[in-house]
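Okay, here's what each chain looks like letter by letter:
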Amino acid sequence: MAVRGFAELTREQKFAKGAMIVSEGDAGDALYVVRSGEVKVVLTGEDGREVILNVLNVGDHFGELALIDGRPRSAHVVSTQASSLLVLRRTDFRRKVEQSPQVAWGLMVELSRRLRQADGTIGSLVLLDVPGRVAKVLLEHATPGEPATLVKQLTHQTMAQMIGASRETVSRAMAEFQEKQIISVQRRIVTITDRAALEARARPRL
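A brief structural summary. (Residues numbered from 1 in each chain as written. Predicted model: local features only at pLDDT ≥ 70, side-chain atom pairs only at ≥ 80, totals over all residues. Heavy atoms only, no water.)

Strands in a sheet are paired, the pairing made by backbone hydrogen bonds, and the direction either parallel or antiparallel. Spatially, β9-β11-β10 is the arrangement adopted by the three strands of the open sheet, whose pairing is antiparallel. The sheet terminates laterally at β9 (148-149) and β10 (183-186), the two strands that pair on one side only. Alignment of β9 against strand β11 (residues 189-192), held across two bridges, turns out to be antiparallel. Note on β11: the bridge partner recorded for A148 is I192. (Pairing = 2+ DSSP bridges. Helix = DSSP H or I, 4+ residues; strand = E, 2+ residues; numbered from the N terminus.)

Before going further, it helps to examine the packing of aromatic side chains. This structure, assessed with the given rule, holds one aromatic pair. For the ring pair Y32 and F62, a centre distance of 5.0 Å and an interplane angle of 5° mean the geometry is stacked. Here Y32, found in strand β3 (residues 30-36), pairs with F62, found in strand β6 (residues 61-62); they are 30 residues apart in sequence, far enough to count as distant. On the accessibility criterion, Y32 (6% relative accessible area) is buried. (Phe/Tyr/Trp six-rings, centres within 6.5 Å; stacked < 30°, edge-to-face > 60°. Buried < 20%, exposed > 50% of the residue type's maximum accessible area, 1.4 Å probe, protein only.)

Moving on, we get to unusual backbone geometry. For R187, which is not glycine, the phi torsion reads 50° and is therefore positive. Given the relative accessible area of 83%, R187 is considered exposed. Non-glycine residue R188 carries a positive phi angle of around 70°. Here R188 is to be found in the loop between β10 and β11.

Next comes the structure, spelled out in structure tokens:
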């Protein structure tokens with residue numbers, strides 16, 4: 001969703017690394033846009049286990065559902081780096097939508113994209129083994145074309161928390177992809193050298 005038209009309505013907030021930006025259950029009254037830094041969207045189980053739903057960088061945003069229904073937050077958002085965020089309050093957004101209906105259309109398009117992404121994530125958890133899920137994460141975070149690099153540096157632990165696996169199994173999958181020359185890793189930079197093979201690995205094996 002384009003936020004340039006909201007610039008005069010936003011205010012900036014800064015967060016230190018590890019700060020809790022919003023907590024699950026908080027009042028949902030604003031949209032946040034990452035201006036600098038990085039944040040993660042997480043769920044935490046009763047046993048303390050953390051599941052990462054997404055990692056967001058500059059230009060990404062979260063909280064768009066709150067702009068519509070105002071319901072409590074469905075997940076925690078934590079800064080993984082010192083970060084600056086732009087905050088758009090629900091009342092300001094609603095006033096802007098009433099003045100400009102195309103803004104509402106833009107939000108609908110974004111929500112549709114997020115819903116399709118969520119459907120894909122659920123499907124991969126059900127139908128793919130761990131290497132297949134790792135392949136899917138790599139493809140989702142890669143630049144277009146070939147060779148491609150990841151737009152976000154994801155650690156094995158982060159990927160494990162994104163796909164519901166252990167760090168060890170993710171590391172084994174990454175080693176398998178390197179051995180088959182599907183990816184290469186140098187100085188923590190992951191490059192996809194055989195996108196077709198990685199895409200094949202990310203498809204369910206029925």
